[in-house]
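Commentary on secondary and tertiary structure
Take a look at the letters that make up each chain.
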Amino acid sequence: MQFQKEKEKILIIDFGSQVTKLIARRIRDLKVYAEIITPLEAKNYHSYNLVKGIILSGGPSTVTKNKFQSIPKQIFKRKIPILGICYGLQLISKLYGGKIKSSKKKREFGKTLIFKKKNSLLTKNFFNSNQVVWMSHEDAVVKLPKNFTSIAYTKSSNLTIIENSKAKIYGVQFHPEVTHTNNGNQIFKNFLFLICKIKDKWNIASQKTKIIQEIKKTVKKDKVICALSGGVDSSVVALLVNKAIKKKLICIMVDTGLMRKNEFKYTYKLFKHTHKLNVKLINASNIFLKKLKNISNPEKKRKIIGNLFIKIFEKESKKIKNIKYLAQGTLYPDIIESRSSTGSKTSKIKSHHNVGGLPKKMNLKLIEPLKELFKDEVRVLGSSLGLFKNISGRHPFPGPGLAIRIIGNITLEKIKILQEADQIFIQELNNHNLYNKIWQAYAALLPIKTVGVMGDSRTYEYTCLLRAVTSEDGMTADYFNFPKDFLDKISNKIINNVKGINRVVYDISSKPPSTIELE
Ligand code: XMP
C-alpha cells in the first residue's frame, strides 16, 4: 500500500551512514516531507518531479578508490538543488573534478571548530563566534571542483563547506544532522527554504485523513486482522484501521503474562470500551510460562515466545472467516534498516510482536499504515486519534516483554516480583516529572541473591536492576543521570515494598557497548 503519492519532498540518498535517519528526522521536524532511498533506487526513482531537493548522505565508501558508491550524473542534470553531507560532499567533488585525499593525519573526529570564509545562502545565520561542528571523516577534499567556491574551513581541512550557487549544489564535510553540531538545523532550514524553496506544509496529524482514506480504498469490503499489544504502534494501527473500516477490523490481544503489572487488563478495557474496537482477548499466560520453564538462554526465550505467539495468533485467526489483510505497525526505520545502501534485498522482519512470518503462512496481504513514519510521529498521530497520553507517550516495550528482563529462568514468582518493582519505578518517574525526559526506563530482575538485613532479620533475596536511558531512536543510548535523592528514594521504596528484593542497582552503561535491554 502506497501513501500520499502526491506530496512535494526532499529526497535523501543513503550511502550507508549510521545517522542518515537523523537527516530525515531533522527535515520532517521542519514540516517538510523527507524520504530515504538507496543509490540504486535513485537510478529509477519514479517521481523526481515532486523532489524539491536532494541530500547525499555520509557513508563508509571512499572516492579515493577505483570503485566507489555513486549515482548517475543525470540526477545532477535535473537542476534540483543538492546538498552533500560528508561522503556526499566528497562524491560531489569527485564527480565535478575536485581532488580528495585520504589522510590519517588530517582526519577529524568529534567536535571541531569551523571558520567562515565567505557568505552563502546555506550558512545564513549559521556561524556564531565559536562555531562547533561534528566531524567523522578520514578523506578530505583538497582541491576544489570546477565552478565551486570555498565557504568555510577548519584547522585540518581547507574545504569544509563548498558551493556552486549557480547550479545550487552544496557540500558540507561535517554532520549538521547530529545534535553535537551547534546550530546544525540552520543548515537544513537554509537548504530547504532559501535554496530549495519548499514550503513547510507537511505535518503528521494532517496525514491522518489521507492514511485513513487509503486504507478504505485498499481494503474495500474485506476483513482485517490485527495483533494488538497495547504498545504505541499496534494501538495507532488499530485506531486508524478502525476509523477506516470499523467492525471489519478484528483485533486479537494475546496475553502472554509477560506484560507490566495490570497493563494488559487496562489496555483491553480501554480499547474495548473507550475506543469500541472489536477485540478478542486470548489468555495464554499459562502456556507461555510452561514453555519457558527452565529456559535461561536469551535467544531461546525469544524464539519460544515468538513462535508460540504466532501459533496462538494463527489458531485464533483461523476461527474468523474471510480475512484478507493483516495490519501491522511497521515503522519507517524498520523499512530503512531492511534495505542496505547497496540496494541488496536483504529484507529483515522485525521481532515477533510484528508477527513477522504470518502473512506468508496465512496467505494474508499486509497493511502497514505507519511505514513512512518515525516513532515520535506515530505518537503525535496517536494523540490526534484520541489515544490517551499514557499510551501514545509510553516508553518502548520489547515484544518478548518481561521474559528478557528476568535474567535467567522465569517463574511466576519472579514475574510478580518484577512487576511490583517496575510499577514503583515508573510511578516514581511520573511523580517526579521524569518519565517524559527519559526515552525508556524499566526494572529488571537479576538472578543473584545477596544477603541483607531488615529489622533484626537476615534476608537473602534478589537484586533489582534499574535502567533508564535517553536516546533518539534506540540505536544508541546514554544512561539517564538521576539526582542522587531520586536514586535514594527509589531504592528505599522498592526494597521496603517488594518482598523478594533486598538490593537495588542502577545501570550506568551506554549503548554501545551495552544494549538497552539486558538480554
Ligand atoms: P536493544 O536492547 O537492542 O534494544 O538496545 C533497542 C530497542 O529495541 C527494543 N527491543 C525489542 N523490541 N522486540 C521488540 O519489539 C524485541 O524482541 C526487542 N528487543 C529489544 C528495546 O526495548 C529497545 O527499545
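Our subject in this report is the structure included herewith. Here the structure is a predicted model, which is why all the values come from computation and not from measurement.

1. Looking at the pairing of strand β1 (residues 9-13)
- Across the 5 residues that make up β1, a large majority, 5, are buried.
- Side chains Lys9, Leu11 and Ile13 project from β1 onto one buried face, and the interleaved Ile10 and Ile12 project onto a second face that is buried too.
- Note: β1 against strand β3 (residues 51-56), 5 bridges, orientation parallel. Bridging across to β3, Ile10 finds its partner in Gly53.
- As judged from the 4 bridges shared by β1 and strand β2 (residues 34-37), these two strands associate in the parallel manner. Residue Leu11 lies in a different strand from β2, and its bridge partner there is Glu35.
- Read from β1 through helix α1 (residues 20-29) to β2, the crossover connection turns out right-handed.

2. Here's the deal with the sheet that holds strand β4 (residues 82-85)
- Taken in spatial order, the 8 strands of this open sheet run β2-β1-β3-β4-β12-β11-β10-β7, and their pairing is mixed. Each edge of the open sheet is held by one strand with a lone partner, namely β2 and β7 (115-116).
- Relative to strand β12 (residues 169-172), strand β11 (residues 161-164) runs antiparallel, the two sharing 4 bridges. Paired with Ile162 across the strands is Gly171, a residue of β12.
- Packing of α1 onto the sheet brings it into contact with β1, β2, β3 and β4, and relative to β2 it is tilted by some 165 degrees.
- Together, β3, β4, β11 and β12 form the strand contacts of helix α4 (residues 87-95), whose direction differs from that of β4 by roughly 120 degrees.

3. Side note on the pattern of salt bridges
- Tallied over the full model, the rule gives 24 salt bridges.
- A salt bridge links Glu372 to Lys7, with the shortest nitrogen-to-oxygen separation between them at 3.4 Å. In this pair, Glu372 sits in the loop between β17 (365-367) and α13 (375-384) while Lys7 sits in the segment before β1, placing the two residues 365 residues apart along the sequence. In this pair, the class of Glu372 matches that of Lys7, namely buried.
- Among the salt bridges present, the one from Lys280 reaches Glu316, with a minimum N-O distance of 3.2 Å. With Lys280 in strand β15 (residues 279-283) and Glu316 in helix α10 (residues 298-318), this pair connects stretches of sequence that are 36 residues apart.
- One network of salt bridges, with partners in common, ties together Arg260, Glu263, Arg394 and Asp422.

4. Some points on the site of the ligand
- Not every one of the 14 residues close to the ligand is listed here, only the nearest: Arg302, Gln440, Lys511, Ile516 and Glu517.
- Measuring from an oxygen atom of the ligand, one finds a side-chain N or O atom of Arg302 at 2.5 Å.
- In this structure, Lys511 approaches the ligand through a side-chain N or O atom, which is 2.7 Å from an oxygen atom.
- Taken together, the residues of the shell around the ligand break down into 5 nonpolar, 6 polar and 3 charged.

5. Observations concerning the packing of aromatic side chains
- Counted under the stated rule, the structure contains 15 aromatic pairs.
- Measuring from centroid to centroid gives 5.6 Å for Tyr332 and Phe374, while their planes differ by 80 degrees, and the two rings are edge-to-face. You can see Tyr332 sitting in helix α11 (residues 332-337) and its partner Phe374 sitting in the loop between β17 and α13, a full 42 residues away along the chain. For the pair Tyr332 and Phe374, a shared accessibility class is recorded, and that class is buried.

Here is what the cut-offs are and how they apply
- Within any chain, residue numbers begin from 1 and follow the written order of that chain's sequence.
- Since the coordinates come from a predicted model, pLDDT governs what is reported: local features require at least 70, and pairs of side-chain atoms require 80 or more to be given and counted, while whole-chain, interface and lining totals use all residues.
- For side-chain calculations, the full set of non-hydrogen atoms in the structure is used, while hydrogens and water are omitted.
- Three labels apply to residues, based on accessible area from a 1.4 Å probe with only protein chains included: buried if under 20% of the type maximum, exposed if over 50%, partly exposed otherwise in between.
- Runs of H or I in DSSP of at least four residues are treated as helices and runs of E of at least two as strands, each being numbered from the N terminus.
- At least two DSSP bridges between two strands are required for those strands to pair.
- By convention, a crossover is right-handed whenever its connection, traced from the first strand over the helix to the second and viewed with the strands pointing away, goes clockwise.
- Contact between two residues is taken to exist if any of their heavy atoms lie within 4.5 Å; hydrogens are not considered.
- To obtain an axis, a line is fitted to C-alpha atoms, over the contacting stretch when the element is a helix, and the angle between two such axes runs from 0 to 180 degrees between their N-to-C directions.
- Salt bridges, as used here, are contacts in which a Lys or Arg side-chain nitrogen is within 4 Å of a carboxyl oxygen on Asp or Glu.
- Residues are counted as near a molecule or strand when any one of their heavy atoms sits within 4 Å of it.
- What qualifies as a polar contact is a pair of N or O atoms within 3.5 Å, subject to a donor-acceptor requirement within protein and to the restriction that residues adjacent in sequence count only when both atoms come from side chains.
- All residues other than Ala, Val, Leu, Ile, Met, Phe, Trp, Tyr, Cys, Pro, Asp, Glu, Lys and Arg, Gly among them, are scored as polar; the first ten of these are nonpolar and the last four charged.
- Centres within 6.5 Å make a pair out of two Phe, Tyr or Trp rings, where for Trp the six-membered ring is used; the pair is then stacked when the planes are under 30 degrees apart, edge-to-face when over 60, and tilted otherwise.

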